[in-house]
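Listed below, chain by chain, are the residues.
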Amino acid sequence: LLGPALLIDGCGSKDEKEKAGRPAQGIQVPAPPAETGMMPMPALGPAGAVVDVDGAVLSETELEKEIKEKMAAMKGKIPAAKMDAARSGMRKRVIEDFIVRSLLAGEIKRRNIKVGDAEITQALDQLQASFPQGTTIETVMKKNKINKEKMQEEIRFGIKINKLVLSQSSGKTKPSEKEISAFYQKNKDKFKMPESVHVRHILVASAQGDNDTVKTEKKAKAEDLRKQLLAGADFAELAKKSSDCPSKESGGDLGVFRRGEMVKQFEDAAFTQELNAIGPVVETQFGYHIIQVLEKFAPQTVPLDDKMKANISAFIEQQKQQEIFDSIV
């Protein structure tokens, strides 16, 4: 709930979605604060301190270094016209984060909250288990440019915050059966599963600048691949050998998706094709697709079974803990 915030980028996830026919999602830049331009620089205290929290000092040099690192991580994701507003918002957030962290550290020290090595090991194991397959703690540390000591320090601090929250909860965060049932009834629309399909495909990718001749050749290649499938070729093997989509590594399998998650031409074909049929070649902005629908799922409401009760219970408990955390801050 309140542990270290580590940014984890899924390997190839954007390419996978785009090439499979999913529209690229634009970066949503938060609205800038009411003021425009750069945030007025606070008056510096002794030794260039931007803020001093009970002796914990954030200097202008340290602040600028952190802002620079965070802005570098966002390079290419923010339009040039919004860079000043983004930097202004980043400066404000870094200062506020420093204040909150320093106050929490002071309270943790005052209450003499301790964390043992076994708790760190357990937290690391839980963190590793939460990563996508193929992602390790080492790759996350490298991506976030932190070493093992810094990682353990962040985890230790996160556990201490959790202990601080639990010490204030008096065991009142665990929801009752009545609360769980009420949440389910109040949010019934959230538990509705729309129509979905399980699909695999083979893609002959198009490229920017393809002329009519190249387009004709690529479509002909896709038609030839479809003929091979109709003649009995193994779909997964042909996808691994001939598809231009990263999904070829899993035999072209794109998993289950709902309406609105793929580009229109691909979606229309997937939701209208007969089960297991090798559909006609479909052209999208990404190229030429041969689609096979493996499963179809009708709309349904997820029942309030034991598994769903456990999920709702965990969600409500997290909300209550967050409220306690906010009140502590």
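Everything below is about the structure shown above.
Residues numbered from 1 in each chain as written. Predicted model: local features only at pLDDT ≥ 70, side-chain atom pairs only at ≥ 80, totals over all residues. Heavy atoms only, no water.

1. Quick notes on the packing of helix H4 (residues 117-130) against helix H6 (residues 148-169)
Viewed as axis vectors pointing N to C, H4 and H6 meet at an angle of 100°, and their least axial separation amounts to 10 Å. Comparing their axes, H6 and H4 come out roughly perpendicular. In contact with Asp117, Glu119, Ile120, Ala123, Leu124 and Leu127 of H4, H6 contributes Met151, Gln152, Ile155, Arg156, Ile159 and Lys163. In the contact of H4 with H6, the residues fall into 7 nonpolar, 1 polar and 4 charged. (Axes fitted to C-alpha atoms, helices over the stretch in contact; angles between N-to-C directions. Helix = DSSP H or I, 4+ residues; strand = E, 2+ residues; numbered from the N terminus. Parallel < 35°, antiparallel > 145°, perpendicular 65-115°, else oblique. Contact = heavy atoms within 4.5 Å. Nonpolar A, V, L, I, M, F, W, Y, C, P; charged D, E, K, R; others polar.)

2. Considering the sheet that holds strand S7 (residues 287-297)
The strand order across the open sheet built from 4 strands is S5-S4-S7-S6, with neighbouring strands paired in antiparallel fashion. This sheet does not close on itself; its edge strands, each paired only once, are strand S5 (253-258) and strand S6 (282-284). Strand-to-strand twist across the sheet, computed as the mean angle between neighbouring axes with direction ignored, equals 45°. Inspection of the sheet shows strand S4 (residues 196-205) paired to S7 by 10 bridges, in the antiparallel sense. (Pairing = 2+ DSSP bridges.)

3. Focus: the side chain of Ser313
Along the chain, Ser313 turns up in helix H11 (residues 306-328). We classify Ser313 as buried; its relative accessible area is 10%. Setting aside chain neighbours within four positions, we find Ser313 in contact with Lys174, Pro175 and Ile180. (Buried < 20%, exposed > 50% of the residue type's maximum accessible area, 1.4 Å probe, protein only.)

4. Looking at unusual backbone geometry
For Asn112, which is not a glycine, the phi torsion comes out positive at approximately 55°. Inspection of the secondary structure assignment puts Asn112 in the loop between helix H3 (83-111) and H4. Exposure remark for Asn112: the relative accessible area of 49% places this residue in the partly exposed category. Residue Asn276 is not a glycine yet carries a positive backbone phi of 70°. Its location among the elements puts Asn276 in the loop between helix H10 (264-272) and S6.

5. Focus: the pattern of salt bridges
Counted under the stated rule, the structure contains 20 salt bridges. Across the salt bridge formed by Glu119 and Lys163, the nearest N and O atoms sit 3.0 Å from each other. Residue Glu119 is located in helix H4, and its partner Lys163 is located in helix H6; the two are separated by 44 residues in the primary sequence. With a relative accessible area of 29%, Lys163 lands in the partly exposed category. The partner of Asp210 in a salt bridge is Lys218, with the nearest N and O atoms 2.9 Å apart. Lys218 matches Asp210 in its accessibility class, with the two residues each being buried. Among the ionic contacts, a cluster of salt bridges with common partners joins Glu60, Glu64, Arg87 and Arg91. (Salt bridge = Lys/Arg side-chain N within 4 Å of Asp/Glu carboxyl O.)

6. Overview of H4
Look at H4: 20 Å from first C-alpha to last across 14 residues, which is about the 20 Å you get at 1.5 Å a residue. Among the residues of H4, those classed as buried are Ile120, Ala123 and Leu124. Viewed end-on, H4 has its buried residues packed into an arc of 105°, placing them on one side of the element. Those residues of H4 that are exposed and aimed more than 90 degrees away from the buried face are Ala118, Asp125, Gln126 and Ala129. The secondary structure elements touched by the buried residues of H4 are helix H5 (137-143) and H6. (Expected span 1.5 Å × (residues − 1). Arc of directions from axis to C-beta.)

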